[in-house]
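Remarks on the overall topology
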Amino acid sequence: MATNKLQIWNVALSAHLGAGKLANTTTASPQQEQCVLHYDDTVRALLEAHWWTWARARTTLTAEATNDRSNEWAYKYRMPGDVLAIRWINEPQTARALMYANRNPDTPRELYGDHVYSDVQSAVMEYTALVEDVSVWPQIFADAVAAALAARMAMPLTENARLRRDALQMAEMELERAIVHDEAMQSGMEQDLKATWLDERGTDGLDYPPVLGAT
């Protein structure tokens, strides 16, 4: 498993581009400058590309004292600082019931800056968080980040159009592998949770299984 940013940078540089390796992340060089330039955007782009199970977070939103659009929305909430993409905003039990019925648990909302407007009281948000700690990433996601980073750096570092095309193809393949792997993991988790719930609750349909990632 990749344990730090330097390891991912060096996989991108050496394994994908044949452009050498870095001893650290701070000593200036063309390779280091390109890694610094593209790394953060690459991570964000890949985190936003899929509803990763391991990047899922949930929080109760904090309502602002003043709602400047009360004629349109009942509540104005402050967004968490680590939100990359919102999965849903709703009352938790309602969201749980909708998901169990294979329906969209989200509700109407509007984003503006670091706030979100909603008609849900005491709203809970489930979202993809900005997970920057490489040590908690699955290895298959770290591989996808390295490949995507290499694709972004290929032309600036090598000026080789063929190598850039190859790097882009590899980046697409690695991302697809990571998504398929994550979906398989999620499917297995959901089946296990449903089976456990049925054993404990019976099959009368009067309750719902826990939402993945619930606290």
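Here the structure is a predicted model, which means the values were calculated and not measured.

Overview of the packing of helix 2 (residues 30-48) against helix 4 (residues 139-158)
One can describe the packing of helix 2 onto helix 4 by two numbers: an axis separation of 9 Å at closest approach and a directional angle of 135°. Relative to helix 4, the element helix 2 lies oblique. In this structure, the crossing between helix 2 and helix 4 has a hand that is right-handed. Contact residues: helix 2 offers Pro30, Gln31, Gln34, Cys35, His38, Tyr39, Asp41, Thr42, Val43, Ala45, Leu46 and Leu47, while helix 4 offers Phe141, Ala144, Val145, Ala148, Leu149, Arg152, Met153, Pro156 and Leu157. For the contact of helix 2 with helix 4, the per-class residue count stands at 15 nonpolar, four polar and two charged.

A closer look at the pairing of strand 7 (residues 124-129)
Most of strand 7 sits inside the fold, with six of its six residues counted as buried. Relative to strand 7, strand 1 (residues 56-60) runs antiparallel, the two being bridged by five bridges. Bridged to Arg56 within strand 7 is Thr128. Sheet topology places strand 4 (residues 83-90) next to strand 7; six bridges connect them, and they run antiparallel. Bridging across to strand 7, Val83 finds its partner in Ala129.

What about helix 3 (residues 92-100)?
Of the positions making up helix 3, those classed as buried are Ala95, Ala97 and Leu98. The arc that holds the buried residues of helix 3, viewed along the axis, is 160°, so those residues lie on one side. For helix 3, the secondary structure elements touched by its buried residues are strand 4. The distance from a side-chain oxygen at the start of helix 3 to the backbone nitrogen of Gln93 is 3.2 Å, and the residue carrying that oxygen is Glu91.

Description of the environment of Thr3
Secondary-structure assignment places Thr3 in the segment before helix 1 (5-16). If sequence neighbours within four positions are ignored, Thr3 has contacts with Val134 and Ser135.

Procedures and definitions
Residues numbered from 1 in each chain as written. Predicted model: local features only at pLDDT ≥ 70, side-chain atom pairs only at ≥ 80, totals over all residues. Heavy atoms only, no water. Axes fitted to C-alpha atoms, helices over the stretch in contact; angles between N-to-C directions. Helix = DSSP H or I, 4+ residues; strand = E, 2+ residues; numbered from the N terminus. Parallel < 35°, antiparallel > 145°, perpendicular 65-115°, else oblique. Left-handed = near helix turned anticlockwise from the far one by under 90°. Contact = heavy atoms within 4.5 Å. Nonpolar A, V, L, I, M, F, W, Y, C, P; charged D, E, K, R; others polar. Buried < 20%, exposed > 50% of the residue type's maximum accessible area, 1.4 Å probe, protein only. Pairing = 2+ DSSP bridges. Arc of directions from axis to C-beta. Polar contact = N/O pair within 3.5 Å; in protein donor to acceptor, adjacent residues only side chain to side chain.

Such coordinate-based values are descriptive only and should not be taken to indicate function.
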